[in-house]
Amino acid sequence: MTHSRASTVLAAVLLTAAMAAGTMPAIAAPQPVPPAPAVAEPAESAPVESAPTDPTGTSTAPVDTTVPVPAATDPAEPAAVDPAAVPEPAEPAETTEAVEPAAKAPEELTAAELAADPEALAKLIGPHGATLGQGVERIAESGNPQVPTARELQDQKELSDAPAAAADPSVNLWRPQGILGIDVSSHQGNVNWAAAWNQGSRFAYTKATEALSYKNPNYNQQYTGSANVGMVRGAYHFAIPSISTGAAQANYFINNGGGWTADGRTLPPLLDVEYNPYSSLGNDCYNMSTTAMVNWIRDFSNTMLNRTGRVPMIYTTTDWWNRCTGNSTAFADHPLHIANYNNVGAGRLPAGWNTYSLWQYTHEGPVVGDWNVWNGTSAALANFARNSAPVVTAPRPTGPSIRSSADVIAIDSAGRLFNYPGTGNGSVSSKVQIGHGWSNTRTIHSVDWNGDGVIDILAQWANGRLTVYLGRTTGGFYPAQVLATSGWGGMKMTVGPWLRGARPTIIGTRSDGTLHYWPQNNNGTLMSPRKIGHGFGSMSVVMTDFDGDGRQDLLARNTASKLALYRGVGTGGFQYETRRLVGTGWHTTHTMDSVSGFAGAGSRGIIAKRHDGTLHYYPIRTGGVWGTWAQFGHGWSTLTVAGTRLH
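What counts as what
Residues numbered from 1 in each chain as written. Predicted model: local features only at pLDDT ≥ 70, side-chain atom pairs only at ≥ 80, totals over all residues. Heavy atoms only, no water. Buried < 20%, exposed > 50% of the residue type's maximum accessible area, 1.4 Å probe, protein only. Helix = DSSP H or I, 4+ residues; strand = E, 2+ residues; numbered from the N terminus. Pairing = 2+ DSSP bridges. Salt bridge = Lys/Arg side-chain N within 4 Å of Asp/Glu carboxyl O. 1 Å grid on protein atoms, 1.4 Å probe; cavity = no way out; pocket = protein on both sides within 12 Å on 5 of 7 lines; lining within 4 Å. Points joined across faces, edges and corners; volume = space filled by probe spheres on them. Nonpolar A, V, L, I, M, F, W, Y, C, P; charged D, E, K, R; others polar. Disulfide = S-S within 2.5 Å. Axes fitted to C-alpha atoms, helices over the stretch in contact; angles between N-to-C directions. pLDDT = per-residue confidence, 0-100. Contact = heavy atoms within 4.5 Å. Parallel < 35°, antiparallel > 145°, perpendicular 65-115°, else oblique. Left-handed = near helix turned anticlockwise from the far one by under 90°. Core = buried A, V, L, I, M, F, W, Y, C linked by side-chain atoms within 4.5 Å.

## Some words on the pairing of strand 14 (residues 441-447)
Every other side chain in a regular strand lies on the same face of the sheet, so the side chains alternate between the two faces.
And then number 1: Burial within strand 14 is extensive, with six of its seven residues counted as buried.
And then number 2: Of the strand pairs in this sheet, strand 14 and strand 15 (residues 456-461) are connected by six bridges, and their pairing is antiparallel. Bridge assignment links His 445 to a residue of strand 15, and that residue is Leu 458.

Encoded structure:
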């Protein structure tokens, strides 16, 4: 007998009413998981699914989560450089000799010509080159970051090492709360580090390199001298992005003082990317498009991470960053060194960042150099030097950091990220640390987000951000890609191949109880959500192929601690059928995660962490029935385990 859709829905409604009245008919062979065998009547109405929608259609649900979309920007036109004027020939003399045309000055060369002529580039940069905050200082004096200040134009043959006198009106004696430090370059010569220490400096940044041709001649004295008086110190590179790749400048920086070691005394390498100080190289953004600039910074950062195991801190201003990168949020996981000269505060931060590590507040502080303040305690600064910031480490394994979906990923109370590799026989082996600084995550999910065969990490942060760390084939992860800057802090979510044949999809329950899924664009960002149900406010869902038909389903736990099965159709919606209860007694469960291969090739099941800190594996057998569960871990109470959070 053929039933219409309406009759099927009516049957579901009548079944719900019967369940509420305590007259629910018997359920054929329910599977009791965990051990409580009884299937009691549910205490609430079943959620209602929306009609399945075309994944390519337009959602009618309001979108309250902002997913940044890169702005479509055309490359800026290169600056026009007129060829050198050639004088008219004079009257021929009795004896005529060939005269070579005058060579162009470095200021007349294009970026491409400078890239091909290191000697000309060195002449353009000069004996001191550019410095941290030079553009900010120039703007404050003339409004133009390419016009040198009066101080720069002074012929300072002898630079005083003594502290500036308090009566000097150019000295800014204001001190913000926090740990103070300075940054220096060859402009400061040989620095009196004892005087800087006596004025309160506890850390220092020294310029090492600029572009591909400049090395600070005072680097050794400045770098080692600051360390000798007890400061933690680091090196910075002034970028000229238009004359080479990011990787080329990163390698030049590393090869000439820009490395990093986890000795507790070395600050992370610092990338100074700011206003173009050289008028011959174009506008403030070096005549580069926002897309080209973001790609250059990513190239530099990836090279630093590969070679040093650490992403660089980024020095910039909010104005420059938002204009020259198009408000990019791609580097929000990098530490930020913000420049903003005032005696009030760091001010508005660049797109993507909600905090900063260092604030450069003046170029007129006591002693020499620019003055900065660390945003935290001295203990936090020490941890920062040891790479305890919220970034992903790059270990040196011979393969991906997460080898299979049978691995268990967890965060400890100190924010360290660990992988417990699955053995394939229902257990895990010794942990391997693969990251740190993850204390503020709400949930994490191991998933091959971009379909390249390497498992990645999707992170849901307590502040509402959503990021993905793409795994490297040689171990470690690329810098975070920000999928959303806000709105995800309270979302109950699960991840998997909800759309058959497509990349992984996020399914989430909003605070109003509506259920949505977010497909991916080709570049890994999120499309607008599609609503597929409502009434799920009190439920938590986990995605898995429970019935083994090759299409993902949802296991939904209600407030009565029962599991209901919502079978998916592979195109975004659900089967129209009576929902089957497949378990009871799940009130003791904190986290659930769908895994494959945990108990051998082809196996599939659920890993659950209970409130008592034990880990259990629940195998799913052919036909959508549970196998015999087994405990394989204990003592996990303080760890955040990857998967769907049920509370």
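## Observations concerning the pattern of salt bridges
And then number 1: For the coordinates displayed, the defined rule picks out eight salt bridges.
And then number 2: A salt bridge links Arg 323 to Asp 319, with the shortest nitrogen-to-oxygen separation between them at 3.1 Å. Linking Arg 323 with Asp 319, this pair stays in helix 10 (residues 318-324), spanning four residues, or about one helical turn.
And then number 3: Here Arg 323 falls in the partly exposed class, since its relative accessible area comes to 41%.
And then number 4: A residue is classified by how much of its surface remains accessible, and Asp 319, at 38% relative accessible area, is partly exposed.
And then number 5: Across the pair Asp 412 and Arg 416 runs a salt bridge whose closest N-O atoms are separated by 2.7 Å.
And then number 6: Each of Asp 547, Arg 567, Glu 577 and Arg 579 takes part in one network of salt bridges that share partners.

## Details of empty space enclosed by the protein
And then number 1: Scanning the model with the defined rule gives four cavities of 30 Å³ or more in all.
And then number 2: Each pocket or cavity is described by its volume, and for the largest cavity that value is around 50 Å³.
And then number 3: What lines the largest cavity is simply Asp 407, Val 408, Ile 409, Ser 446, Asp 593, Val 595, Ile 607, Val 641 and Ala 642.
And then number 4: Contributing elements (two or more residues each) for the lining of the largest cavity: strand 11 (408-411) and strand 26 (589-596).
And then number 5: Class assignment for the residues of the lining of the largest cavity results in six nonpolar, one polar and two charged.

## Quick look at the state of the cysteines
And then number 1: Evaluation of the coordinates by the stated rule reveals one disulfide.
And then number 2: Here Cys 285 connects covalently by a disulfide to Cys 324, the sulfurs 1.9 Å from one another. Since a negative S-S torsion denotes a left-handed disulfide, the Cys 285-Cys 324 link at about -70° is left-handed. In this pair, Cys 285 is assigned in the loop between strand 6 (270-272) and helix 9 (290-308) and Cys 324 in helix 10, connecting sequence segments 39 residues apart. Grouping residues by exposure puts Cys 285 and Cys 324 together as buried.

## Re the sheet that holds strand 15
And then number 1: Across the sheet, which stays open at both edges, the four strands sit in the order 14-15-16-17 with antiparallel pairing between neighbours. Every interior strand has two partners, whereas the edge strands, strand 14 and strand 17 (481-484), have only one. The average angle at which neighbouring strand axes cross in this sheet is 25°, direction not considered.

## Thoughts on the confidence of the model for the protein chain
And then number 1: Put simply, the protein chain has an average pLDDT of 79, and 74% of its residues get 70 or more.
And then number 2: Of the regions scoring below 50 in pLDDT, residues 155-170 engages in 19 contacts with residues more than four places distant in sequence or in other chains.
And then number 3: Every residue in residues 389-397 scores below 50 in pLDDT, and together they form 37 contacts with partners more than four places removed in sequence or on other chains.

## What to know about the sheet that holds strand 23 (residues 553-557)
And then number 1: The strand order across the open sheet formed by four strands is 22-23-24-25, and the pairing between neighbours is antiparallel. Each edge of the open sheet carries a strand with a single partner, namely strand 22 (540-544) and strand 25 (580-583). Between one strand axis and the next, the sheet turns through 35° on average, direction left out of account.
And then number 2: Where strand 22 and strand 23 come together, five bridges link them in antiparallel fashion. Each residue of the ladder has a partner; that of Val 542, found in strand 23, is Leu 555.

## A word on the packing of helix 8 (residues 246-255) against helix 9
In helix packing, the relevant descriptors are the interaxial angle and the interaxial distance, both defined with respect to the helix axes.
And then number 1: In the contact formed by helix 8 and helix 9, the axes pass within 7 Å of each other and the chain directions differ by 40°. Between helix 8 and helix 9, the angle falls in the class oblique. Crossing angle aside, the handedness with which helix 8 passes helix 9 is right-handed. Between helix 8, through Gly 246, Ala 247, Gln 249, Ala 250, Asn 251, Phe 253, Ile 254 and Asn 255, and helix 9, the contact on the second element is made entirely by Trp 296, Asp 299, Phe 300, Thr 303, Met 304, Arg 307 and Thr 308.
And then number 2: Class assignment of the residues belonging to the contact of helix 8 with helix 9 gives a composition of seven nonpolar, six polar and two charged.

## Looking at helix 7 (residues 219-228)
And then number 1: Of all the positions in helix 7, only Tyr 219, Gln 222, Tyr 223, Gly 225, Ser 226 and Ala 227 are classed as buried.
And then number 2: In this structure, the buried residues of helix 7 make contact with strand 2 (179-184), helix 6 (193-198), strand 3 (201-210) and strand 5 (232-238).
And then number 3: Remark: Gly 230 follows helix 7 within two positions and exhibits a positive phi of approximately 105°.

## Considering the nonpolar core
Proteins that are soluble and globular tend to have nonpolar side chains buried together.
And then number 1: Of all hydrophobic cores here, the largest spans 55 residues; its most connected members are Trp 193, Ile 240, Ile 297, Trp 321 and Phe 331.
And then number 2: The greatest single-element share of this core, amounting to six residues, is contributed by helix 9.
And then number 3: Apart from residues lying up to four places away in sequence, Ile 297 is in contact with Leu 271, Val 273, Ile 314, Trp 321, Thr 325 and Phe 331.
And then number 4: The next biggest cluster of nonpolar side chains, apart from the first, holds 16 residues, and it includes Tyr 517, Ile 532, Val 541 and Ala 556.

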